[in-house]
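# An overview of the molecular structure
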Amino acid sequence: TNDPNAFLFVIRPNSKVFGFSKGFEKDGKDAICNFVNFGPVFGKGTDLWIADRCQMRPDNGSKPKTYKFEKKELCGNADDNHKYFVINDYEVFSVIIE
């Protein structure tokens, strides 16, 4: 789904908002995608993916491309070679402007 107003955010340990990387901000291409056996997938399939039963699986992952963030900021993982993590809690919002 394309959404030029989409963003990712984190509230712990400090609140921070992550917008699109250069080249993606105009049309918000691939802001969020859907795949079988996965919850939300943000970005062009690699930025942030959350597996089905995410709290019990260690194969949730992140590899920034579409959104501009450092993995340590969003996922608590600073090692670029280690892209997987376990989810404690997440929420997905859709804001409708009328």
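Analysis parameters
- Residues numbered from 1 in each chain as written.
- Predicted model: local features only at pLDDT ≥ 70, side-chain atom pairs only at ≥ 80, totals over all residues.
- Heavy atoms only, no water.
- Phe/Tyr/Trp six-rings, centres within 6.5 Å; stacked < 30°, edge-to-face > 60°.
- Helix = DSSP H or I, 4+ residues; strand = E, 2+ residues; numbered from the N terminus.
- Buried < 20%, exposed > 50% of the residue type's maximum accessible area, 1.4 Å probe, protein only.
- Contact = heavy atoms within 4.5 Å.
- Pairing = 2+ DSSP bridges.
- Patch = residues over 30% accessible without salt bridge, like charges linked within 9 Å, V, L, I, M, F, W, Y side chains within 5 Å.
- Areas by Shrake-Rupley, 256 points an atom, 1.4 Å probe, with all protein chains shown as cover.
- Salt bridge = Lys/Arg side-chain N within 4 Å of Asp/Glu carboxyl O.

### Quick look at the packing of aromatic side chains
Enumeration according to the criterion identifies 3 aromatic pairs in this entry. With centroids separated by 4.8 Å and ring planes inclined at 20°, the aromatic side chains of Phe20 and Tyr67 adopt a geometry described as stacked. Here Phe20, found in the loop between strand 2 (16-18) and strand 3 (32-33), pairs with Tyr67, found in the loop between strand 6 (60-62) and helix 1 (71-75); they are 47 residues apart in sequence, far enough to count as distant. For Phe20, a relative accessible area of 12% corresponds to the buried category.

### Regarding the side chain of Thr66
When you line up the elements, Thr66 lands in the loop between strand 6 and helix 1. Relative accessible area serves as the criterion here: at 0%, Thr66 is assigned to the buried category. With residues up to four places along the chain from it excluded, the contact list for Thr66 reads Phe20, Ser21, Phe24, Lys29, Gly43, Lys44 and Asp47.

### Comments concerning the pairing of strand 4 (residues 38-42)
Note: strand 3 against strand 4, 2 bridges, orientation antiparallel. Its bridge partner being in strand 4, Ile32 is matched across the sheet by Phe42. Connecting the antiparallel pair strand 3 and strand 4 is a turn made up of 4 residues, with Asn37 showing a positive phi of about 70°. In this sheet, strand 5 (residues 48-51) lies alongside strand 4 in antiparallel orientation, the contact comprising 3 bridges.

### Describing the pairing of strand 5
Here strand 5 shows two buried faces, one formed by Leu48 and Ile50 and the other by Trp49 and Ala51. Relative to strand 6, strand 5 runs antiparallel, the two being bridged by 2 bridges. The residue bridging Leu48 from the neighbouring strand is Ser62, located in strand 6.

### Observations concerning the sheet that holds strand 6
The sheet built from 5 strands is open, its strands ordered 3-4-5-6-7 with antiparallel pairing. The open sheet terminates on both sides in strands that have one partner only, identified here as strand 3 and strand 7 (84-85).

### Some remarks on a nonpolar patch on the surface
Where nonpolar side chains cluster on the molecular surface, the patch consists of Phe7, Phe9, Ile11, Val17 and Phe93 and spans about 540 Å² of accessible area. Assignment of secondary structure puts Phe7 in the segment before strand 1 (8-10). Its relative accessible area of 45% is what places Phe7 among the partly exposed residues.

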